[in-house]
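# A structural walkthrough
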There are 2 protein chains.
Amino acid sequence: MFVQIDFNSDEAIYIQLRNQIIYGIATSQLQEGENLPSVRDLAEHIGINMHTVNKAYAMLKQEGYLKLDRRKGAVIAVDIDKLQAIREMREELRVVLARAFCKNISCEEAHEIVNDIFSEFERG
Amino acid sequence: MFVQIDFNSDEAIYIQLRNQIIYGIATSQLQEGENLPSVRDLAEHIGINMHTVNKAYAMLKQEGYLKLDRRKGAVIAVDIDKLQAIREMREELRVVLARAFCKNISCEEAHEIVNDIFSEFERG
DNA sequence: TATCTGTTATACTAAATGTATAACAGATAT
DNA sequence: ATATCTGTTATACATTTAGTATAACAGATA
């Protein structure tokens, strides 16, 4: 498993876990229909509590990245609500880019970084 | 004052306040050398505690957006550490764009939104 | 001297985070 | 049938964070 938790981070463990699973989907390390480890297995592997993993899974379900099946466990299943995704992205980008603009990062430089990151995804 | 706090948000008040002040700098509503209200005045105006404002100001100081002068109070003074700003931006964008990519938002669509937001800044 | 700054200290409540057991209901395999 | 695996829920506890509330300090200013 590719998950790497930073226990000294100010970011909550279940948020780190959620973000890394989403990154895994974006980079095709996790593919549609694929199973995630059970909450108990993943918790033991990382060395955290079952409920912390469950919280991440529940969040991913609510945000449309997982379906939780009692037969198969947690399965990658991305629900595409593109309009809402764009709305959310715009709000988050507004905060990130405001900081960038204050620090003299140009629109062109931002575009370059966006391209870099998208190429991480498209390489898989 | 342009600050608008959402008390039902899951985002901490001092984080909302910090983000809005940074957005204010990016859109030139707040300009280099300009004074912010004193922690006590702004707290009273918003209807929150003085320490919550102080926490936002301390954070903005630590991140290089303010200088806190006992004579003048809080003064906008952006310290440009572009390399660090790019590093931080890249990490944050990785999370935001991974979500976008999973939701079928293309690189081109991301660029359009970046352009939209930068035009908010450059209009002032 | 009185008043304005940011800053620090202390104390309290409420909420969020993470851990720990335990149990439930559906599905699966033996 | 029985045991075992799922996610899920309930309860309890400790720690940390967020926000509020008073109070005081030190430098600057009028």
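Residues numbered from 1 in each chain as written. Chains lettered and ligands numbered in written order. Predicted model: local features only at pLDDT ≥ 70, side-chain atom pairs only at ≥ 80, totals over all residues. Heavy atoms only, no water.

### Examining the protein's contact with DNA strand D
- Every one of the 24 residues lining DNA strand D counts as a neighbour, but His51(A), Leu68(A), Ile13(B), His51(B) and Arg71(B) are closest to it.
- Within 4 Å of the protein, the atoms of DNA strand D are drawn from sugar and phosphate moieties in a proportion of 58%.
- Among the elements of the structure, α2 (39-46), α3 (50-62) and β2 (73-76) of chain A together with α1 (13-26) and α3 (50-62) of chain B are those that each provide at least two residues to the surface near DNA strand D. (Near = heavy atom within 4 Å. Helix = DSSP H or I, 4+ residues; strand = E, 2+ residues; numbered from the N terminus.)

### Considerations on the interface of chain A and chain B
- Taken together, the contact between chain A and chain B spans 45 residues of the former and 45 residues of the latter.
- At the boundary of chain A with chain B, total buried surface from both sides reaches about 4,800 Å², with 72% on carbon and sulfur atoms.
- When the buried area of chain A at its contact with chain B is split by residue, Arg99(A), Lys103(A) and Phe118(A) rank highest and sum to 15% of it.
- A salt bridge links Glu92(B) to Arg99(A); the nearest nitrogen and oxygen atoms lie 2.5 Å apart.
- Here chain A and chain B share 19 residue pairs in polar contact (both at pLDDT 80 or more) between them.
- Of all the secondary structure elements, the ones that give two or more residues to the side of chain A that touches chain B are α1 (13-26), α4 (82-102) and α5 (107-123) of chain A.
- Tallying contributions element by element places α4(A) first for the side of chain A that touches chain B, with 16 residues. (Contact = heavy atoms within 4.5 Å. Buried area = accessible area lost by both parts, 1.4 Å probe. Salt bridge = Lys/Arg side-chain N within 4 Å of Asp/Glu carboxyl O. Polar contact = N/O pair within 3.5 Å; in protein donor to acceptor, adjacent residues only side chain to side chain.)

### What about the state of the cysteines?
- Under the criterion given, the structure shown has zero disulfides over all chains.
- The thiol of Cys102(B) is not disulfide-bonded; the next cysteine sulfur, from Cys107(B), is found 15 Å away.
- By relative accessible area, Cys102(B) is classed as buried at 8%.
- Cys107(A) provides the cysteine sulfur closest to Cys107(B), a residue in no disulfide bond, and the two sulfurs are 13 Å apart. (Disulfide = S-S within 2.5 Å. Buried < 20%, exposed > 50% of the residue type's maximum accessible area, 1.4 Å probe, protein only.)

### With respect to α4(A)
- Here α4(A) contains 21 residues, and its C-alpha end-to-end distance of 30 Å stays within 8% of the 30 Å for a straight helix at 1.5 Å per residue.
- Taken residue by residue, α4(A) has Ala85(A), Met89(A), Leu93(A), Arg94(A), Val96(A), Leu97(A), Ala98(A), Arg99(A), Ala100(A) and Cys102(A) as its buried positions.
- Looking at the packing, one finds that the buried side of α4(A) touches α5 of chain A together with α1, α4 (82-102) and α5 (107-123) of chain B.
- Looking one or two residues beyond α4(A), the residue adopting positive phi is Asn104(A), at roughly 70°. (Expected span 1.5 Å × (residues − 1).)

### As for the packing of aromatic side chains
- Throughout the structure, instances matching the rule amount to eight aromatic pairs over all chains.
- Ring centres 5.8 Å apart and planes at 75° place the aromatic pair Phe101(A) and Phe118(B) in the edge-to-face group. Here Phe101(A) is found in helix α4, whereas its partner Phe118(B) is found in helix α5 on a different chain.
- Its relative accessible area of 25% is what places Phe101(A) among the partly exposed residues.
- Of the aromatic side chains, those joined through ring pairs into one cluster are Tyr23(A), Phe118(A), Phe121(A) and Phe101(B).
- If you follow Lys55(A) out to its NZ or CZ, it ends over the ring of Tyr14(A), 4.4 Å from the centre.
- When the ring centre of Tyr65(B) is taken as reference, the NZ or CZ atom of Lys103(A) above it lies at 4.6 Å. (Phe/Tyr/Trp six-rings, centres within 6.5 Å; stacked < 30°, edge-to-face > 60°. Lys NZ or Arg CZ within 6 Å of the ring centre and 35° of its normal.)

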